[in-house]
Amino acid sequence: NMPRTQKGKKKIVPAPPVGVHKAKKAKPQHPLIEKKIRTFGVGGNLQPKRDLTRYVRWPKYIKLQRQRRVLLKRLSVPPVIAQFSNVLDKNGAQLLFKLLDLHRPETHKEKQERLTKYASAKAKAEHDGTEVPQVPPKPISVKCGVNHVTKLIETGKAKLVVIAHDVDPIELVMFLPALCRKKEIPYCIVKGKSRLGSIVDKKTATCLAFTSQIKQQCKNEFKTLCDLCDGQFRNNYVAQMKRWCGGVMG
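## Overview of the overall build of the protein chain
Inference 1: Helices and strands together make up the secondary structure of the protein chain, namely nine helices and six strands.
Inference 2: In terms of overall size, the protein chain is more extended than a compact globule, its C-alpha atoms giving a radius of gyration of 36 Å where 250 residues would be expected to give roughly 18 Å.
Inference 3: For the protein chain, with 250 residues in total, the buried portion stands at 27%.
Inference 4: Considering only intrachain contacts with a sequence separation of at least 6, the fraction spanning at least 24 residues in the protein chain is 81%.
Inference 5: As presented, the protein chain carries roughly 20,000 Å² of accessible surface, and 55% of it is formed by carbon and sulfur atoms.
Inference 6: Taken together, the 51 basic and 19 acidic charged side chains of the protein chain have centroids lying 21 Å from each other.

## A short note on the nonpolar core
Inference 1: Ranked by internal contacts, the top residues of the largest apolar core, which has 46 residues, are L96, L100, I153, V161, L196 and F210.
Inference 2: Listing elements by their share of this core, those giving two or more residues are α3 (90-102), α5 (146-154), β3 (160-164), α6 (176-182), β4 (187-190), α7 (193-199), β5 (207-210) and α8 (219-234).
Inference 3: The contact partners of L96, leaving out residues within four places of it in the chain, are L88, L160, V162, C188, V190, F210 and L225.

## A word on the packing of α3 against α8
Inference 1: Close contact between α3 and α8 brings their axes to 10 Å; oriented N to C, the two are set at 140 degrees. Considering the angle they form, α3 stands oblique to α8. Where α3 crosses over α8, the handedness of that crossing is left-handed. For the pair formed by α3 and α8, the contact residues are G92, L95, L96, K98 and L99 on the first element and E221, F222, L225 and L228 on the second.
Inference 2: Among the residues making up the contact of α3 with α8, the classes are represented as six nonpolar, one polar and two charged.

## Observations regarding unusual backbone geometry
Inference 1: In this structure, the amide linkage connecting D168 to the following residue, P169, adopts the cis form with an omega of 0 degrees.
Inference 2: Among the structural elements, P169 can be located in the loop between β3 and α6.
Inference 3: Within the chain, D201 stands out as a residue other than glycine whose phi angle is a positive 60 degrees.
Inference 4: Within the fold, D201 resides in the loop between α7 and β5.
Inference 5: On the basis of relative accessibility, which here comes to 60%, the residue D201 falls in the exposed class.

Conventions used here
- Throughout, residues of each chain are indexed from 1 in the direction in which the sequence is written.
- Given that the model is predicted, a residue must reach a pLDDT of at least 70 before its local features are reported, and side-chain atom pairs must reach 80 or more before they are shown or counted; all residues, however, enter totals for whole chains, interfaces and linings.
- Hydrogens and water are ignored here; the side-chain numbers use all heavy atoms of the structure.
- Each helix is a run of H or I in the DSSP string that is no shorter than four residues. Each strand is a run of E no shorter than two, and both are numbered from the N terminus.
- Computation of the radius of gyration draws on C-alpha atoms, with the globule rule given as 2.2 Å multiplied by the number of residues to the power 0.38.
- Classification of residues uses two cut-offs on accessible area relative to the type maximum, computed with a 1.4 Å probe and protein chains only: under 20% is buried, over 50% is exposed, and between them is partly exposed.
- Only heavy atoms enter the contact rule, under which two residues are in contact if any of them lie within 4.5 Å.
- Shrake-Rupley sampling with a 1.4 Å probe provides the accessible areas, and residues are treated as covered by the protein chains on show and by no other component.
- Charged-residue counts in this description rest on Lys and Arg as positive and Asp and Glu as negative, His and the chain ends being excluded.
- The location of each charge is read from NZ of Lys, CZ of Arg, CG of Asp or CD of Glu.
- Here, nonpolar core refers to any group of buried Ala, Val, Leu, Ile, Met, Phe, Trp, Tyr and Cys residues whose side-chain atoms link them within 4.5 Å.
- Orientation is described by axes fitted as lines to C-alpha atoms, over the contacting stretch for helices, and by angles from 0 to 180 degrees between their N-to-C directions.
- Angles are sorted into four bins: roughly parallel if under 35 degrees, roughly antiparallel if over 145, roughly perpendicular if 65 to 115, and oblique for all others.
- By definition, any crossing whose near helix is turned counterclockwise from its far helix by less than a right angle is left-handed, and any crossing with a clockwise turn is right-handed.
- Each residue is assigned to one of three groups, with Ala, Val, Leu, Ile, Met, Phe, Trp, Tyr, Cys and Pro labelled nonpolar, Asp, Glu, Lys and Arg labelled charged, and all others, Gly among them, labelled polar.

Structure representation (structure tokens):
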């Protein structure tokens, strides 16, 4: 039998003495730039900016907006109200507001100038004994206001109805999509009552309506827009009336 060989034991390295640290390499400093040590005590440097959003006391109307938004996420929202979260797509909205901009109603100043011009022409004709000129027609423009738009839909004079998605209370315009579908009139829901209000020179507008009076250069684009709105809203109405929203917890 071969004699057993003794296995080599591992050498244990002794621990470094307490308080001894490895020397760190000093970073090279620029000779012209000195390190400024800041002190944040009284009369010292300004405190760094921190995010204090959680500590801000917000106005009451902002708190209500946020609580309402959370409630609409938590509660089950019926289809009649949920349909207002489905708005016109970006390309359609660009085309719509381009047409709305071309059909702005006249301002108070422009109306005053038009009527003053007619009144002076009429007075001159009566003084000279000539034929009195006819009243100049109103410029082609969109119509605004819930009552006015509802009447236009019921009489069949409206050709396209534009509804804001953030009307408060929503009951003011909740019946308009169903009424438009019954009368077979194209409609669309867009973001921003303030954006609609800027078209008609008001702070906000709940809804606008195009009538049969459309400018000649806009007729092709208007027809394209009506087809787009029909495809997204009127023809899709039955499916939308089956879709509930909300119920998101946390």
